[in-house]
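Chain and residue survey
Each chain, written out:
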Amino acid sequence: VGLVIGFQAGAVEFDPADNTPRPLALDGERAFSDAVWSMAEESAGNLWLGTPNGLLWRPPGEPGLRPVMVPGIRAVMDLKFDAAGTLWVAGPAALARLSEWDRGEPRFAAYLRTDSAAAAWFGRQLLFDSQGLMWSPRQRLDPSSGNADDFGLADGVPPDSVQVGASLALSDGRLLFG
């Protein structure tokens, strides 16, 4: 099993054959030196890195990261897959999802406009529950209908209390944010 570690100024991958660290590079050549805010890998082997300056993608078997355009999102705060395997991208005030593959290239579609009240709360972390609902520390959203429920002080969630941090779906169905 290999290991990829992202940090404030780049990322390294440890070769599983000899455990040698290799810096990840853009297009296989240029040094990658951006902060890594989130990472995801799908079953097909595509590696995704969210950075303050956009989304990067490394197809399986290729040496380098490629920038990918995501409508309405420059800074990628979180990356998560829903139960159907769709990749969701959260920015500071927008959501997008992988909508199609066009000749082997990923294409993303904006899900919520940046001026949407619902999008404002999903820019930090997101998780999916067993019913397919999307959660953030401040909101629950049904992606199939767009209906959202906000959480606030009356629910025990102080304003701006949860910033960029950890999120985890436990095996018993509970969702953790911190």
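Residues numbered from 1 in each chain as written. Predicted model: local features only at pLDDT ≥ 70, side-chain atom pairs only at ≥ 80, totals over all residues. Heavy atoms only, no water.

All right, on to the overall build of the protein chain then. The secondary structure content of the protein chain amounts to 1 helix and 19 strands. Each of the 178 residues in the protein chain was classed as buried or not, and the buried ones make up 41%. Restricting the contact set of the protein chain to residue pairs at least 6 apart, pairs at least 24 apart contribute 40%. Total accessible area on the protein chain stands at roughly 9,600 Å², and carbon and sulfur atoms take up 53% of it. (Helix = DSSP H or I, 4+ residues; strand = E, 2+ residues; numbered from the N terminus. Buried < 20%, exposed > 50% of the residue type's maximum accessible area, 1.4 Å probe, protein only. Contact = heavy atoms within 4.5 Å. Areas by Shrake-Rupley, 256 points an atom, 1.4 Å probe, with all protein chains shown as cover.)

Attention shifts here to the nonpolar core. With 15 residues, the main nonpolar core has Trp48, Leu55, Leu79, Val89 and Phe108 as its most contacted residues. The set of elements that each furnish at least two residues to this core consists of β8 (54-58), β11 (87-91) and β12 (94-102). The greatest single-element share of this core, amounting to 3 residues, is contributed by β12. Residue contacts for leucine 79: discarding those within four places in its chain leaves Ser38, Met39, Ala40, Trp48, Leu49, Gly50, Leu55, Leu87, Trp88 and Val89. Leu24, Phe32, Leu49 and Leu56 belong to the second largest nonpolar core, which has 9 residues in total. (Core = buried A, V, L, I, M, F, W, Y, C linked by side-chain atoms within 4.5 Å.)

For the rest of this paragraph, the subject is the sheet that holds strand β7 (residues 47-51). The strand order across the open sheet formed by 6 strands is β5-β4-β9-β8-β7-β6, and the pairing between neighbours is mixed. Taken across any chain shown, the strands that pair with only one partner, and hence form the sheet edges, are β5 (30-31) and β6 (38-41). Relative to strand β9 (residues 64-68), β8 is paired through 3 bridges, and the arrangement is antiparallel. Each bridged residue has a counterpart across the sheet, and for tryptophan 57 the counterpart in β9 is arginine 66. (Pairing = 2+ DSSP bridges.)

Here the focus is the environment of methionine 69. Counting through the fold element by element, methionine 69 comes out in the loop between β9 and β10 (78-81). Residue class for methionine 69 comes out exposed when judged on its relative accessible area of 72%. On a C-alpha basis, the gap between methionine 69 and proline 106 in space is 8.9 Å, while along the polypeptide they are 37 residues apart.

Here the focus is the sheet that holds strand β3 (residues 21-23). On the basis of which strands lie adjacent, the open sheet formed by 3 strands has the order β1-β2-β3 and antiparallel pairing. Sheet topology places β1 (3-7) and β3 at the edges, where each strand pairs with a single neighbour. Looking at each pair of strands side by side, their axes are set apart by 25 degrees on average, direction ignored. Here β1 pairs with strand β2 (residues 10-14) via 5 bridges, running antiparallel. Residue glycine 6 lies in a different strand from β2, and its bridge partner there is alanine 11. (Axes fitted to C-alpha atoms, helices over the stretch in contact; angles between N-to-C directions.)

With that settled, the discussion passes to the pairing of β12. Pairing geometry for β11 and β12, over 4 bridges, is antiparallel. By the bridge assignment, tryptophan 88 is partnered in β12 with arginine 97. Linking β11 to β12, which pair antiparallel, is a turn of 2 residues.

Turning to a nonpolar patch on the surface, a few remarks are in order. A cluster of nonpolar side chains, Leu3, Ile5 and Phe7, forms an exposed patch at the surface whose accessible area comes to about 240 Å². If you trace the backbone, phenylalanine 7 turns up in strand β1. Taking relative accessible area as the criterion, phenylalanine 7 reaches 35% and is therefore assigned partly exposed. (Patch = residues over 30% accessible without salt bridge, like charges linked within 9 Å, V, L, I, M, F, W, Y side chains within 5 Å. Salt bridge = Lys/Arg side-chain N within 4 Å of Asp/Glu carboxyl O.)

Counting through the fold element by element, serine 38 comes out in strand β6. Setting aside residues no more than four positions away along its own chain, serine 38 makes contact with Trp48, Leu49, Gly50, Val76, Met77, Asp78 and Leu79.

Inspection of the entire model under this criterion finds 6 aromatic pairs. For the pair tryptophan 88 and tyrosine 111, a centre-to-centre distance of 5.1 Å together with 75 degrees between the ring planes defines the contact as edge-to-face. With a gap of 23 residues between them, tryptophan 88 in strand β11 and tyrosine 111 in strand β13 (residues 105-112) connect regions that are remote in the sequence. Aromatic side chains tryptophan 88 and phenylalanine 128 sit 5.9 Å apart centroid to centroid with 50 degrees between the ring planes, which places their arrangement in the tilted category. (Phe/Tyr/Trp six-rings, centres within 6.5 Å; stacked < 30°, edge-to-face > 60°.)

Don't take any of this as a statement about function, it's just geometry.
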